[in-house]
Amino acid sequence: MTLGEAGQGGLTIEGLTKTFRPKSGPVFALDGVDMVVEPGEFVTLIGPSGCGKSTLFNIVAGLEAFDSGHIRLDGAPSHDRLGEIAYMFQKDLLFPWRTVMGNAVLGLEMDGLSRRDARERIGPYLERFGLAEFTDAYPDQLSGGMRQRVAFLRTMVQERSIMLLDEPFGALDSYTRTNLQQWLMGVWEEIRTTVLFITHDVAEAVYLSDRAYVMTPRPGRIQTVLDIELPRPRESGIEITDAFLGLERNLKAELHLHGTDDHDG
Amino acid sequence: MGWPPLVTVLLVLSAWELFVRWQDIRPAVLPTPTDVLDAMWDDRANLWGATWITLQTVFLGFGSALVLAVVIGVLVDSFGWVRRSIYPVIVVSQTLPIVAIAPLVVIWFGFGISSHAFVVAMYTFFPVAVALAQGLASTDQDAMNLLRTMGAGRVRLLLKVRFPSALSQLFTGARVAMSFAVIAAVIAQFVGAVEGLGIYMLTMKNALRTDLVFGAVTVSSAVTLLLFGGVVVLQRLVMPWYRPKTQGDAR
Ligand SMILES: Nc1ncnc2c1ncn2[C@@H]1O[C@H](COP(=O)(O)OP(=O)(O)OP(=O)(O)O)[C@@H](O)[C@H]1O
Ligand SMILES: [Mg+2]
């Protein structure tokens, strides 16, 4: 599934710091973030609003500069990552002037595929993503859940070895959200690329990931790393097992008791 | 648009008709609307000929303005030094009164269509270029960032995000420009022309054919409305996804 030269999807972040310096005064956003993500892992990032999660993604994607620290892809120092990592933003950012198909092929178009080849690549997924009837619809005719699926499809078909998903289900009702979580798991079990996933939702983090990084409030640091050792594929119903509920409880405790009880995971 | 404005216009025209008949005003001073229609019908061949010339002038002038506006709008947006060196000049050009400029242009370029088209271009260029530059500048930063993560450089950012997202403002500028393109052409022809609605009006005024002066005015308004409608239709075709906001949109 991965492009030959695009690597395996290993990501190492060491001592990453970032301060924004707008005219209104400096904002200390990230304070020495360390992460190690193995190829093919599904890792969630969870932390209070404004702690720097999106900032971290922007830096990893290569959109934003940082002050100090290192980022390595598959062990090699990396300087310009633009074009190498697929990034699904917190907003769906569907282009209103493009149809569902037009939006989905955007990344492929940027990779230089002809319109026809790109459409052929997308074709088989439309059914799978529940978008087949909406191929030629414009985004403003879609429900929130569908918009997220289009945005995810656009990200996925880029076939990068690393995907960044910034709260893809944040704005959805809990029913749609649960549906899309199961659906995402299904898709990911097949493609198995490295995924970094931001969420505010503890159960979502436990259900989806191999590991959860809990961040402190701003300036963001990694407070705890929690391994989620639940069997895959994750069956529906897993969320009421003792193992799941235990992990959920641990994670909740970390989020509410940060700073008082400093045991590293 | 709907019915209310149509009703207003009909009421005004009826009042006008009744007033002129009741006061027995001479047609050379103020003809009735029906007089005007009669006269237009009788002189339809000349009137149509003049209209056709004016239409060509507008198309030529507005067409060149559009092309130039896109080029300049993109340059102004892309390069700081272009913005600083050209923008003030463009703004100043808009402060020059058209009645002062038109005679000069006619002296320089003659009585032909291209000279009048130049005047049209000069005054329609501005709203389009400014609207486009503003549209380009107000493109959503995140939409551009998304494309950058896909490896797009400046040119593709322009073509794939900035230009499409500026289209609706470009059309707004085009509608504004269209609303006075015909007037600009008529004024330019008024100053000196062989053919066209402007010179037709002047000739009829000198011949005391007030009814035909009104006739030419009527035609030029109708042409403006048609062209304006044409831009609206074109926008629907070019931007099939576009839904104007029901309230507060400049339509
Ligand atoms: N371009 C910027 N200039 C100045 N400050 C910024 C900029 N981008 C982000 N910030 C600030 O940095 C901090 C971290 O922002 P960020 O968007 O990364 O938070 P987040 O963890 O993603 O929050 P949320 O969960 O609400 O999305 C915030 O205080 C934000 O105001
Ligand atoms: Mg965020």
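For the structure, see preceding data.
None of these values were measured; they are calculated from a predicted model.

A.B. asks: An account of the interface of chain A and chain B is needed here, citing residue identities and associated values.
C.D. replies: On the side of chain B, 19 residues touch chain A, which itself brings 25 residues to the contact. In this assembly, chain A packs against chain B so that about 1900 Å² is buried in total across both faces, 65% of it on carbon and sulfur atoms. At the surface where chain A touches chain B, the tally comes to three salt bridges. With a closest N to O distance of 3.8 Å, K91 of chain A and D140 of chain B form a salt bridge. At the boundary of chain A with chain B, the tally comes to four residue pairs in polar contact (both at pLDDT 80 or more). Residue composition of the side of chain A that touches chain B, grouped by class: 13 nonpolar, four polar and eight charged.

A.B. asks: Any chance you could break down the sheet that holds strand 2 (residues 27-37) of chain A for me, citing the residues and the numbers?
C.D. replies: Residues and elements named next belong to chain A. Spatially, the four strands line up as an open sheet ordered 2-1-4-5, and their pairing is antiparallel. Each of the sheet's edge strands pairs with one partner strand only, and the pair in question is strand 2 and strand 5 (76-77). Alignment of strand 1 (residues 11-20) against strand 2, held across eight bridges, turns out to be antiparallel. Looking at the pairing, K18 lines up with L30 of strand 2. Here helix 1 (residues 53-61) sits on the sheet in contact with strand 1, strand 2 and strand 4 (68-73), set at roughly 115 degrees to strand 1.

A.B. asks: Go over the pattern of salt bridges with me, naming the residues and quoting the values.
C.D. replies: In total, this model carries 23 salt bridges over all chains according to the counting rule given. Here E14 of chain A ties to R72 of chain A by a salt bridge, and the two come within 3.1 Å at their closest N and O atoms. In this pair, E14 of chain A is assigned in strand 1 and R72 of chain A in strand 4, connecting sequence segments 58 residues apart. Across the pair R221 of chain A and D31 of chain A runs a salt bridge, and its minimum N-O distance is 3.7 Å. On the criterion of sequence distance, the pair formed by R221 of chain A in the loop between strand 9 (211-215) and strand 10 (222-227) and D31 of chain A in strand 2 is long-range, its members being 190 residues apart. The class for D31 of chain A is partly exposed, based on a relative accessible area of 26%. A single network of salt bridges, built from pairs that share partners, joins R98, E109 and R115 of chain A together with K160 of chain B.

Conventions and cut-offs
- Residues numbered from 1 in each chain as written.
- Chains lettered and ligands numbered in written order.
- Predicted model: local features only at pLDDT ≥ 70, side-chain atom pairs only at ≥ 80, totals over all residues.
- Heavy atoms only, no water.
- Contact = heavy atoms within 4.5 Å.
- Buried area = accessible area lost by both parts, 1.4 Å probe.
- Salt bridge = Lys/Arg side-chain N within 4 Å of Asp/Glu carboxyl O.
- Polar contact = N/O pair within 3.5 Å; in protein donor to acceptor, adjacent residues only side chain to side chain.
- Nonpolar A, V, L, I, M, F, W, Y, C, P; charged D, E, K, R; others polar.
- Pairing = 2+ DSSP bridges.
- Helix = DSSP H or I, 4+ residues; strand = E, 2+ residues; numbered from the N terminus.
- Axes fitted to C-alpha atoms, helices over the stretch in contact; angles between N-to-C directions.
- Buried < 20%, exposed > 50% of the residue type's maximum accessible area, 1.4 Å probe, protein only.

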